[in-house]
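Here's the letter readout for the chains.
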Amino acid sequence: MRIAPLSLLISVSLLASSAFAQDTATVTGIESEISKKQAEYDNSTLILEKHLKEESQLQKQLELLRARSAELDKEKNQALDAMNEMYRRLIDDPTLDISNAQTRYQKAVVDHKQNKDDISMQLAAIASHRKDIEQIRVAKHTQLNTLESLKEQLATARVERLRNEFTREGTLEVNHTINCKRTETLAACEQRGQQMGLQKATKRFVDQIFANLTEERLVEPKRNLAGAQVKILSSHVVNSAFSGQGNYNVNLSVTMRGDVNSSRLCSLLNLDNRFCADYGSPLAGNYQPNYTTTYSDSQLTFSDSQDNSQVVSVSRMSEQPVSDYSVKKPVRVEPLPDLKKSKMVELTLRSNVYDDEVFIDGVSFGSTKLTTSLPRGFHDIEIRKRGYKSYKARLDLRKAQTISAKLVKEPEPIVAAVVATEQPTAAPVASIVNKTNTASIVVIPAGTFKMGDINGNGLANERPVVEKTIANSFAMQSKEVSVGEYEQFVANTGYKTEAEKNRGCAYYLNGEPVWEATLNWRNPGFEQDSDFPAVCLTYNDAKAYADWLSGQTGQLFRLPNEVEWEYAARAGKETEYPWGNEIGKNLANCGWCGSEWSNKSAAPTGSFSPNAFGLYDTVGNVWEWTNKKPGQSDVTVRGGAWNFAPSLARVSTRLILAPDFRANYIGFRLVRER
């Protein structure tokens, strides 16, 4: 069977909600749903805290009962010895009263038995409580993932709304008067007056667009970054006249449509640029601001100098000139001038790779294929993609042209054999090669790092940030344990996983984990090959594989502890992800991360670029089990997964689970001790 992706299911549940049945795709609807889910999550947090406190009390009571058990056992033995002594004395003196000794012993036996029963009942209560805690934790994880996915939808909806507002159409009426120059003919004065009136209309239209943006307070301070433009659809002269003082007055009606550089919308809204990579259908009509599409502007007049300086205003982005808006040739002009002479030149950029990023004069313009208008002159062009050498060029733009860039892939790291002395400043790659296993490992150097929510974007269990030291280098598998590798273990040992023995494996349905008896590591609910990560495995299933691999190789393999995992995943970085603080697009396999597997299934191990230590998939793909401390009842998984939000794939994110939990989004990798 194939499991439906979480993203689609969440959308369905939102559409089905009675509170937001009218339009669940609107920003207001999503914000309301976020508020509701946040309240549910906060309530679950309170319930969990209450249960944890109750469990702590139960554990303390159990410790008291166990301590009392030792005392009662001692009392029972003493009472028995005393009664035996009385029996021996009774032989010599038949008249001796031994009832007190008998009563003492009888009471000691009853108290001891009652205490044993109390301990059994207490253990049962704790076990029941543990199940409740496990269920609450899993529910919290799903609520958190739903909450974060709603935030993803909210960001997309906000971008769509802003784009919709920037691309509105409207008709504007303007009145403009100029003084005819002595050296120009009446026809030339008329043409100049109409052109300046047209420019005035476009300036006014842009002002109206910005003034009526829903998030105007956020966007207006960055107006010079927007790249807002106006396209004139049609225009006509309502009336015009010359005065006896040599003035020309014209009244124009201009129909226009706004436009915006889509790659800059995310910067305007302080969002990750990945939300501006592509778009769905426009948002519903209720996103349109309530203002008329026809404006009267008879009182607004500019002098000649004002017209020349304000209509074609120039702003700066990254110290490079970018036109704030431009006037394009009108579709119908009567008898307006021909505006072919523009200072803006069209540039088209293409490349041989998908999902690249274009920088023009240091400013991101999105991905190719890209067509934009730039001022004439010199511009620095750069096209980047992770894993490829950047294309760079300095262009003297004089006329419309197209550039087809070819990006060359960077060479893969060289695989080398492990040497006897491991250098702490390097991360050489090695191969364990024997008849049963060929898992590659990397040497993780010793070092000190900050562990936890360094950037303030994490959960409560990621704080406080603490400094940790890895005293010695260690080796770690560069990829998650694959289906093929786990199959070798099963074939060699006949091992049965907990999913195969009982209840199967969990998957997401309508935003909740659902148990499916037929699911296991061989059949996780999505199509997989031998190079996919092995999932539907419990903590004990992972440990069993580690024990087997240790026996096969003669070297000690185990699950990494949390300090080792985060240190290795950070690879010397203090950012949220190996490449920075934004998830980007198609850099990892997590929910809404733009990969071909996102919200569909796990991806083959090593499908994305490794971090600086040579580790693959420390962001997304599948959560990874870590080693628990002695006496610890719960286990932490790290790294995020293909159907979890990007914010939960940060390097410091921690999810706490019961050791027997298994799902088609949880796998593991191992470390090899020195």
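Whatever comes next refers back to the structure up there.
Residues numbered from 1 in each chain as written. Predicted model: local features only at pLDDT ≥ 70, side-chain atom pairs only at ≥ 80, totals over all residues. Heavy atoms only, no water.

### Thoughts on empty space enclosed by the protein
The tally for this structure, following the rule as stated, stands at three cavities of 30 Å³ or more. Each pocket or cavity is described by its volume, and for the largest cavity that value is around 80 Å³. Around the largest cavity sit 13 residues that line it, and Trp579, Leu587, Ser609, Asp617 and Val619 are the ones nearest its centre. When the residues that make up the lining of the largest cavity are grouped by side-chain class, the tally is eight nonpolar, three polar and two charged. Quantified by volume, the second largest cavity comes out at close to 60 Å³. Forming the walls of the second largest cavity are Val138, His141, Thr142, Tyr508, Trp623, Val637, Phe644, Leu655, Leu657, Phe661, Tyr665 and Ile666. Of all the secondary structure elements, the ones that give two or more residues to the lining of the second largest cavity are helix H3 (99-166) and strand S25 (654-657). Taken together, the residues that form the lining of the second largest cavity break down as 10 nonpolar, two polar and no charged. (1 Å grid on protein atoms, 1.4 Å probe; cavity = no way out; pocket = protein on both sides within 12 Å on 5 of 7 lines; lining within 4 Å. Points joined across faces, edges and corners; volume = space filled by probe spheres on them. Nonpolar A, V, L, I, M, F, W, Y, C, P; charged D, E, K, R; others polar. Helix = DSSP H or I, 4+ residues; strand = E, 2+ residues; numbered from the N terminus.)

### What to know about the pattern of salt bridges
As enumerated under the stated definition, the model contains 33 salt bridges in all. Close ionic contact of Asp634 with Arg137 constitutes a salt bridge, the shortest N to O distance being 2.2 Å. Of this pair, Asp634 sits in the loop between strand S23 (623-625) and strand S24 (635-638) while Arg137 sits in helix H3, and the two are 497 residues apart along the sequence. Since its relative accessible area comes to 12%, Arg137 is described here as buried. (Salt bridge = Lys/Arg side-chain N within 4 Å of Asp/Glu carboxyl O. Buried < 20%, exposed > 50% of the residue type's maximum accessible area, 1.4 Å probe, protein only.)

### A short note on the packing of aromatic side chains
One pass over the full model with this rule turns up 22 aromatic pairs. Between Phe489 and Tyr545, the ring centres sit 5.7 Å apart and the planes meet at 90°, which makes this aromatic pair edge-to-face. In this pair, Phe489 is assigned in helix H8 (residues 483-493) and Tyr545 in helix H10 (residues 539-553), connecting sequence segments 56 residues apart. Like Tyr545, Phe489 is buried. On the numbers, 5.9 Å between centres and 55° between planes, the contact of Tyr567 with Phe613 is tilted. (Phe/Tyr/Trp six-rings, centres within 6.5 Å; stacked < 30°, edge-to-face > 60°.)

### Thoughts on the packing of H8 against H10
At a minimum axis separation of 10 Å, H8 and H10 run at an interaxial angle of 75°. In terms of orientation, H8 lies roughly perpendicular with respect to H10. Listed contacts from H10 to Glu485, Tyr486, Gln488, Phe489, Asn492 and Thr493 of H8 are Asp541, Ala544, Tyr545, Trp548 and Gln552. Classifying every residue of the contact of H8 with H10 gives five nonpolar, four polar and two charged. (Axes fitted to C-alpha atoms, helices over the stretch in contact; angles between N-to-C directions. Parallel < 35°, antiparallel > 145°, perpendicular 65-115°, else oblique. Contact = heavy atoms within 4.5 Å.)

### Quick look at the sheet that holds strand S11 (residues 370-375)
Sheets are built from strands that pair by backbone hydrogen bonding, the pairs being arranged parallel or antiparallel. In space, the three strands of this open sheet follow the order S11-S8-S14, with mixed pairing throughout. The sheet terminates laterally at S11 and strand S14 (401-405), the two strands that pair on one side only. Going from strand to strand, the sheet's axes swing by 30° on average, the running direction of each strand aside. Relative to S11, strand S8 (residues 344-351) runs antiparallel, the two being bridged by six bridges. Residue pairing across strands places Glu346 opposite Ser373, the latter belonging to S11. (Pairing = 2+ DSSP bridges.)

### Observations regarding unusual backbone geometry
Following Arg463, the chain continues to Pro464 via a peptide bond in cis, the omega torsion being 0°. On the secondary structure map, Pro464 appears in the loop between strand S17 (447-451) and strand S18 (466-470). Of note, the phi angle at Asn270 is positive, near 60°, even though the residue is not glycine. Relative to the helices and strands, Asn270 resides in the loop between helix H6 (265-268) and strand S4 (294-297). By relative accessible area, which is 54% here, Asn270 ends up exposed. Backbone geometry places Asn586, a non-glycine residue, at a positive phi of 60°. By the secondary structure assignment, Asn586 is in the loop between helix H11 (562-570) and S23.

### A look at the state of the cysteines
Think of a disulfide as a covalent bridge from one cysteine sulfur atom to another cysteine sulfur atom. Counted by the stated rule, this structure contains four disulfides. Here Cys180 engages in a disulfide with Cys189; their sulfurs sit 2.0 Å apart. Residues Cys180 and Cys189 are joined by a disulfide whose S-S torsion is about -80°; by sign, that bridge is left-handed. Judged by its relative accessible area of 0%, Cys189 falls in the buried class. Put simply, Cys266 and Cys276 are joined by a disulfide, and their sulfur atoms are 2.1 Å apart. Here the disulfide of Cys266 and Cys276 is right-handed, its torsion about the S-S bond being about 115°. One end of the pair, Cys266, is in helix H6; the other, Cys276, is in the loop between H6 and S4, with 10 residues separating them in the sequence. The pair Cys266 / Cys276 is uniform in exposure class, with both members buried. (Disulfide = S-S within 2.5 Å.)

### Thoughts on the pairing of S8
Successive side chains on a regular strand alternate, one facing one side of the sheet and the next facing the other. Pairing of S8 with S14 involves five bridges; the strand directions are parallel. Pairing of Thr348 across the sheet is with Thr402, part of S14.

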